[in-house]
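Reading the structure
Listed here are the chains, written in short residue letters.
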Amino acid sequence: MSRYRLSDDQGEMQPAAIHAYLTRSYWAENIPLALVERAVAGSLCVGVFDGAAQIGFARVVTDRATFAYLADVYVLEDHRGHGLASRMVKHLHDHPELQGLRRWMLVTRDAQPLYAGLGWRGIEAPEGFMERRFPDVYRQ
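One structure accompanies this document, and this report is about it. (Residues numbered from 1 in each chain as written. Predicted model: local features only at pLDDT ≥ 70, side-chain atom pairs only at ≥ 80, totals over all residues. Heavy atoms only, no water.)

Moving on, we come to the sheet that holds strand β4 (residues 67-75). Overall, mixed pairing links the five strands, which are arranged β1-β2-β3-β4-β5 in an open sheet. Two strands close off the open sheet at either side, each with one partner strand: β1 (4-7) and β5 (103-105). Taken over all neighbouring pairs, the strand axes of this sheet differ in orientation by 20 degrees on average, direction set aside. With four bridges joining them, β1 and strand β2 (residues 44-50) adopt antiparallel strand pairing. Directly across from Tyr4, in β2, lies its bridge partner Asp50. Contacts between helix α1 (residues 15-22) and the sheet are confined to β3 (53-62) and β4, with β4 contributing the most and set at about 80 degrees to the helix. (Pairing = 2+ DSSP bridges. Helix = DSSP H or I, 4+ residues; strand = E, 2+ residues; numbered from the N terminus. Axes fitted to C-alpha atoms, helices over the stretch in contact; angles between N-to-C directions. Contact = heavy atoms within 4.5 Å.)

In contact at an axis separation of 9 Å, α1 and helix α2 (residues 33-41) are set at 115 degrees when each is read in the N-to-C sense. α2 is crossed by α1, and the crossing has right-handed handedness. Of the residues in α2, those in contact with Pro15, Ala16, Ile18, His19 and Leu22 of α1 are Leu33, Val36, Glu37 and Val40. Considered class by class, the residues forming the contact of α1 with α2 number seven nonpolar, one polar and one charged. (Left-handed = near helix turned anticlockwise from the far one by under 90°. Nonpolar A, V, L, I, M, F, W, Y, C, P; charged D, E, K, R; others polar.)

In this description, a pair of aromatic rings is defined by centroid distance and the angle of the planes. According to the stated counting rule, one finds six aromatic pairs in the structure shown. Aromatic side chains Phe57 and Tyr74 sit 6.3 Å apart centroid to centroid with 40 degrees between the ring planes, which places their arrangement in the tilted category. Pair noted here: Phe57 is in strand β3 and Tyr74 is in strand β4, with a separation of 17 residues, a long-range link. Assessed through its relative accessible area of 1%, Phe57 is described here as buried. (Phe/Tyr/Trp six-rings, centres within 6.5 Å; stacked < 30°, edge-to-face > 60°. Buried < 20%, exposed > 50% of the residue type's maximum accessible area, 1.4 Å probe, protein only.)

Attention now moves to the nonpolar core. Counting residues in hydrophobic clusters, the biggest one holds 23 residues, and the most contacted among them are Leu70, Val73, Met88, Val89, Leu92, Tyr115 and Trp120. The element contributing the most residues to this core is helix α3 (residues 84-93), with five residues. In contact with Leu70, not counting residues within four places along its chain, are Arg59, Val60, Val89, Leu92, Met105, Leu106, Tyr115 and Trp120. Ranked by size, the runner-up nonpolar core spans 12 residues in total, among them Tyr21, Val36, Val40 and Phe49. (Core = buried A, V, L, I, M, F, W, Y, C linked by side-chain atoms within 4.5 Å.)

Another point: the pattern of salt bridges. Counted under the stated rule, the structure contains eight salt bridges. As a salt-bridge pair, Arg24 and Glu77 come within 2.8 Å of each other at their nearest N and O atoms. With Arg24 in the loop between α1 and α2 and Glu77 in the loop between β4 and α3, this pair connects stretches of sequence that are 53 residues apart. With relative accessibility at 49%, the residue Arg24 sits in the partly exposed group. The residue Glu124 makes a salt bridge to Arg121 at a minimum N-O spacing of 2.8 Å. Of the two residues, Glu124 and Arg121, both sit in the exposed class. (Salt bridge = Lys/Arg side-chain N within 4 Å of Asp/Glu carboxyl O.)

Now the structure itself:
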C-alpha cells in the first residue's frame, strides 16, 4: 500500500502548507497567505498527504459546467518521482463535478511533458487567446 493518500475534502487542505510552497514557486512567489486561503476556498482542490503532512496540491478554478483552469500543481521535492502530480491531475480529470466541460486550461513553464502524458496539448489556435497579466502583483 502506498504511504501517500489523496483527498479532495476541502476541510483537509492546509493553506499554511500550501502557502509555504507557493510563496517560493516561480508562479506565485511572495503570494500572501490570505490570498492562498481565498484561492483554496474558491477552488475544487486535491491534496496529497504523507501521514498528516500535506506534501502536494492541485486546484481547479471552475464553473463546474463549461470551463476549468488547472493551477498550483506541486509536490514537495522530497516526494517527487512517485507519480503524485499525475495522480492528482487524473483525480481532478475524473472528478464527478468536472465531467462534460468544454475546455480545460493551464499555464506551465516547465511541465509540458507531464501534462502531455495526461492528454493535454498546446493551444490549437493561440491567436484567439488574450490575457491581462500583472506579474508583480504579490510584490506590491
